[in-house]
Each structure stands twice: as structure tokens, then as C-alpha cells.
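An overview of the molecular structure
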Amino acid sequence: MPLLEVEGLKTHFFGKRSVTKAVDGVSFTLDHGEILGIVGESGSGKSVTSLSLMRLVDHPGRVVAGSIRFEGRDLLTLSREEMRKLRGRRMSMIFQEPGTSMNPVLTVGFQIGEAIRSHERVEPAEVRRRTMELMEMVGIPDAKQRLNQYPHQFSGGMLQRLMIAMGLALSPSLLIADEPVTALDVTIQAQILDLLKDLRDTTNAAVLLITHDMGVVAETCDRVVVMYLGAIVEEAPVETLFDDPKHPYTQGLLGSIPSIEEKVEWLQAIPGTIPNANEIPTGCRFSNRCPKVMDVCHTVDPALEFVGEGHRVACHLYTETEDRDV
Ligand code: SF4
């Protein structure tokens, strides 16, 4: 059984005059010890997907359909209290801006310790020992001294390490990392991504990595889900996705990364911008930006179908559609 099984997830936001379908029928699985990337532009629904998993979607949004099975339980049927216990203990989340996620007037040691104390009855000496251990595990030097320091005394990279330490305080089986390196410079980015991979290897925790950056995906993930306008348009093992991207949107995302080794078919940004999620085009949701659009694309929404082992794509270029104009 996979660690996480998401089926037909829909999360919508209800405005006075319109409904924004931020997540519009998403299904995927995640195994123990696996790093799965969810990639897409801003507005693709990837962050709302991760918040839905944690049941942290704020009003006026709510999950309107689907199931989220985690360690065999459907999270959408749990009470608030059951869900609170699960967060932190079995699944935890780290965000893009580590500085804003920490309280500036409390020491980092207190804040990491709080992640332990809020779920377990533990003696203060034991909390301190485990806090130091966590700080060492994520590569903070002089942990014994530094746990008495405040967030402003740490660099952005070190703060993100502290956030990861907090996320791992209770040895969760799933860590959701939403754009964890976007705010960091390139050298520090590589260190944090290496740290996530090392932690996966040592703890066997699964990581769901939300990112808009294909470079981060290539560096870190085992498997990738590409989202566009609330839906999955392609899913594949990471090597397959980079060697043989099928969906024109994925090809566009990869085409935006310059390569000095290979000639790519079209090296340019994807034309246009992602529409609002309350204005999803009929037929294929990518049709108004797709360079390979056909007549059928304007009327029929392509299903996500297998085109190879572990490789699924939602595009009429790969389906047997009788009235296709090719
Ligand atoms: Fe492009 Fe049509 Fe494929 Fe959509 S279904 S990605 S519009 S070719």
C-alpha cells in the first residue's frame, strides 16, 4: 500500500460570483522513502494541493471531492483533533520563507523543543537533548550554543535547516516542502536539497516537494507530477520526464531551461500566461497556450493515460481520437 494515495481531489474557492477550481480532480500516490515533485507555474494548484493534504485550506476554500488516504486512513474523514495530532507527528510541512515561519522573540531551541512538547510529555533535559540532536542532524554547527540564539542570528539557509529540524522533530513519515529553496541563493539551495535527500535516506521519510523549478526537480526527485491549472497533465519517473517529455506544457517548461549540450526543439518560454482558475478553457485546459493545438482540443478534455511504464499524460496527441485534426 502506498504511504499516500490521493484520488480525485478537488479543492474549490467560493467567491460571491464565481467558483475558482484551484485543484480540479487530482490523483497520485507516494511511497515510503520516495521524493515526489509537484511542479508547475504559479496558479497551477500545486500549493493548494499540499495545503489540502494537511487540511489547512482556509475559507472560502474547501475540499469538495475526493479522498486522501495516508497510512491507510482517509484524512478527509478525521476530526479536527485527530488531524491536529497527525500534523507534526506523522506529516509535517516546511515553507518557502523560513524567517517568517519562526517567532523572532523565542530562541530557536525553544521553538524546536515546542514541536516535541506539543505532542509528547517529555522531561526538559530530554527535549534539550533531542533538540540538539535534530540541529546536528540538519547540519547546524555548535548546536549546544546555538540553540540559545534567536532566529535573526541565523542566515536564510540555516533558518531553512532549522525549519526542517522542526518538521522532523517527531520523525514523520511524510515531509511536505513547499518551495523550500526558492528564497535561498544557488549554493545554499544545493545544500538544502542534498540535506533533504540525505534525510530521506536516513529516516525513510517520503518527501513531497512543491516547486516551479525544473532544476530543483532534476536535482532531487524520484518521480514528478506536472500540474497545470488545477490538474495533472503529466506524471513520470524523473529520468523519463527529462528524456522524453510528452505534454507540450512539460516540453515548454523544459524548453525554458537553456542547454549547451543539446539542441532543443523550441527554446522559449511558454507563450501567454496561465488563466485564472475560474476561467478554465473548455476541452484541454492548455489549449489557449499550446503550440500543437488541434480542433479536438477545444472541445474534449483529454484523460490522463499511460504512455509508458509509470508515465501518464493528458494530451490528444497520444490518444486515439477519431475526429482529431492532425
Ligand atoms: Fe495541446 Fe491539444 Fe495536447 Fe492540449 S490536448 S496539450 S491543446 S495538443
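Below or above, wherever it landed, is the structure these notes cover. Note that this is a predicted model, so its numbers are computed, not measured.

Here the focus is the packing of helix 7 (residues 156-167) against helix 8 (residues 186-203). One can describe the packing of helix 7 onto helix 8 by two numbers: an axis separation of 10 Å at closest approach and a directional angle of 20 degrees. Taken together, the axes of helix 7 and helix 8 are roughly parallel relative to one another. Judged by the twist between their axes, the crossing of helix 7 over helix 8 is right-handed. Mapping the contact onto sequence places Gly 157, Gln 160, Arg 161 and Ile 164 in helix 7 and Ile 188, Gln 191, Ile 192, Leu 195, Leu 196 and Leu 199 in helix 8. Class assignment of the residues belonging to the contact of helix 7 with helix 8 gives a composition of six nonpolar, three polar and one charged.

Let us now look at a nonpolar patch on the surface. Together, Phe 14, Val 19 and Val 64 make up an exposed nonpolar region whose accessible area comes to about 190 Å². Among the structural elements, Val 64 can be located in strand 4 (residues 61-70). Taking relative accessible area as the criterion, Val 64 reaches 35% and is therefore assigned partly exposed.

The next subject is unusual backbone geometry. With omega at 10 degrees, the peptide bond leading from His 59 into Pro 60 counts as cis. Even without being glycine, Arg 55 reaches a positive phi, approximately 55 degrees. Looking at the secondary structure, you find Arg 55 in the loop between helix 1 (46-53) and strand 4. Not every positive phi belongs to a glycine, and Ser 171 is a case in point at roughly 50 degrees. Structurally, the position occupied by Ser 171 is in the loop between helix 7 and strand 7 (174-178).

Taken together, 13 residues lie near the ligand, and Cys 284, Cys 290, Cys 297, Cys 315 and His 316 sit nearest. The class makeup of the residues in the shell around the ligand is nine nonpolar, three polar and one charged.

Relative to the 20 Å expected for 14 residues at 1.5 Å per residue, helix 5 (residues 124-137) spans 20 Å between its end C-alpha atoms, a close match to the ideal helical length. Within helix 5, burial applies to Val 127, Arg 130, Thr 131, Leu 134 and Met 135. Taken down its axis, helix 5 places every buried residue within 140 degrees of arc, on the same side. What points out from helix 5, more than 90 degrees from its buried face, is the exposed set Ala 125 and Glu 136.

With that settled, the discussion passes to the packing of aromatic side chains. Tallied over the full model, the rule gives three aromatic pairs. Between the aromatic rings of Tyr 228 and Tyr 249, the centroid separation amounts to 4.6 Å while the plane-to-plane angle is 55 degrees, which identifies the pairing as tilted. Highlighted residues: Tyr 228 in strand 9 (residues 223-228) and Tyr 249 in helix 11 (residues 248-255), separated in sequence by 21 residues. The residues Tyr 228 and Tyr 249 share a single accessibility class, namely buried.

About the criteria used
Residues numbered from 1 in each chain as written. Predicted model: local features only at pLDDT ≥ 70, side-chain atom pairs only at ≥ 80, totals over all residues. Heavy atoms only, no water. Axes fitted to C-alpha atoms, helices over the stretch in contact; angles between N-to-C directions. Helix = DSSP H or I, 4+ residues; strand = E, 2+ residues; numbered from the N terminus. Parallel < 35°, antiparallel > 145°, perpendicular 65-115°, else oblique. Left-handed = near helix turned anticlockwise from the far one by under 90°. Contact = heavy atoms within 4.5 Å. Nonpolar A, V, L, I, M, F, W, Y, C, P; charged D, E, K, R; others polar. Patch = residues over 30% accessible without salt bridge, like charges linked within 9 Å, V, L, I, M, F, W, Y side chains within 5 Å. Areas by Shrake-Rupley, 256 points an atom, 1.4 Å probe, with all protein chains shown as cover. Salt bridge = Lys/Arg side-chain N within 4 Å of Asp/Glu carboxyl O. Buried < 20%, exposed > 50% of the residue type's maximum accessible area, 1.4 Å probe, protein only. Near = heavy atom within 4 Å. Expected span 1.5 Å × (residues − 1). Arc of directions from axis to C-beta. Phe/Tyr/Trp six-rings, centres within 6.5 Å; stacked < 30°, edge-to-face > 60°.

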